[in-house]
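Observations on the three-dimensional arrangement
Chain by chain, the residues:
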Amino acid sequence: MYQEVADSVTQGLTEPCPAGAGASHTFPAALPTARQNSLACSLSDHPVGKDLQAMRTGQRQNKGMRTRLGCLSHKSDSCSDFTAILPDKPNRALKRLSTEEATRWADSFDVLLSHKYGVAAFRAFLKTEFSEENLEFWLACEEFKKTRSTAKLVSKAHRIFEEFVDVQAPREVNIDFQTREATRKNMQEPSLTCFDQAQGKVHSLMEKDSYPRFLRSKMYLDLLSQSQRRLS
């Protein structure tokens, strides 16, 4: 019912002026500016106006999401060049990347994670699968282990838990219930090892699932090809 009323109101506000009265207006030409503002405010407060605003906001957000995702809206194998979504001046990064370095990423998952541009490439690949939170959590845990201040350790631990581990966290990682609850208990007295179990689970998941797909992806194979062409 709201939709029908909303369409009626919108049509009435945008209907062209009668012939000979000039160009069409969003509000009738004879309506004073003060009354235009008053009517607009009244619509924004009315349930119909709120519905219209919500629809328009949703349309803008969807359009922005489609633009931002770009290449990410397709399957990862259809993205032949990950440089478009690599951070930190990707073109300069590619010039520094040798074929030998890129080839070594296939030796093991840990070798990939130990290389700055390997992590960047893997993150770009995970974004195409909408699972980059797993890598971000693993990296956050690695950084957390370097914490030396007790006060900072507690605050960092709770921030990581709330962002990645807790149920319905903004970037919730895929771990089992037992691991999640064990990590929750660790939050009572956070230590440098409080995320070890969860981090291990996520590492294993990426190693067995995402990493093999990354090595088979057109993204990685094209990267190798690009580095080889620079040498020739």
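Our subject is the structure listed above.
Residues numbered from 1 in each chain as written. Predicted model: local features only at pLDDT ≥ 70, side-chain atom pairs only at ≥ 80, totals over all residues. Heavy atoms only, no water.

Turning our eyes to something else, we now look at the environment of A169. For A169, the position within the fold is in the loop between α9 (150–165) and α10 (177–186). You can call A169 buried: its relative accessible area is 9%. Setting aside chain neighbours within four positions, we find A169 in contact with E162, E163 and F164. (Helix = DSSP H or I, 4+ residues; strand = E, 2+ residues; numbered from the N terminus. Buried < 20%, exposed > 50% of the residue type's maximum accessible area, 1.4 Å probe, protein only. Contact = heavy atoms within 4.5 Å.)

Another point: the state of the cysteines. Going through the model one piece at a time under the given rule, you end up with zero disulfides. Between C141, a cysteine without a disulfide, and C194, which holds the nearest cysteine sulfur, the sulfur-to-sulfur distance is 7.9 Å. C141 gets classed as buried once you look at its relative accessible area, which sits at 1%. (Disulfide = S-S within 2.5 Å.)

The end-to-end C-alpha separation of helix α8 (residues 132–144) is 18 Å, in line with the 18 Å expected for 13 residues at 1.5 Å each. Residues E133, N134, L135, E136, F137, W138, C141 and F144 constitute the buried set of α8. (Expected span 1.5 Å × (residues − 1).)

Before going further, it helps to examine the pattern of salt bridges. Pairs may arise between side chains of opposite charge once their charged atoms sit close together. Throughout the structure, instances matching the rule amount to 13 salt bridges. Measuring nitrogen to oxygen at the nearest pair gives 3.8 Å for the salt bridge that ties D196 to K145. A residue pair is termed long-range when its members are at least 10 positions apart, and D196 in helix α11 (residues 196–216) and K145 in the loop between α8 and α9 qualify at 51 residues. Between R171 and E163 there is a salt bridge, with its nearest N and O atoms 2.4 Å apart. Among the ionic contacts, a cluster of salt bridges with common partners joins E129, D209 and R213. (Salt bridge = Lys/Arg side-chain N within 4 Å of Asp/Glu carboxyl O.)

Here we come to the packing of aromatic side chains. On inspection of all chains with the given rule, the structure shows 10 aromatic pairs. Between F109 and Y211, the aromatic rings sit 5.1 Å apart at their centres with planes inclined by 45°, giving tilted as the arrangement. Within this pair, whereas F109 is found in helix α6 (residues 109–113), its partner Y211 is found in helix α11, the two being separated by 102 residues in sequence. Arranged with centres 5.4 Å apart and planes meeting at 80°, the rings of F144 and F195 form a pair that is edge-to-face. In this pair, F144 is assigned in helix α8 and F195 in the loop between α10 and α11, connecting sequence segments 51 residues apart. By relative accessible area, which is 2% here, F144 ends up buried. Through pairs of rings, three or more aromatic residues link up here, namely W105, F109, F122, F125, Y211, F214 and Y220. (Phe/Tyr/Trp six-rings, centres within 6.5 Å; stacked < 30°, edge-to-face > 60°.)

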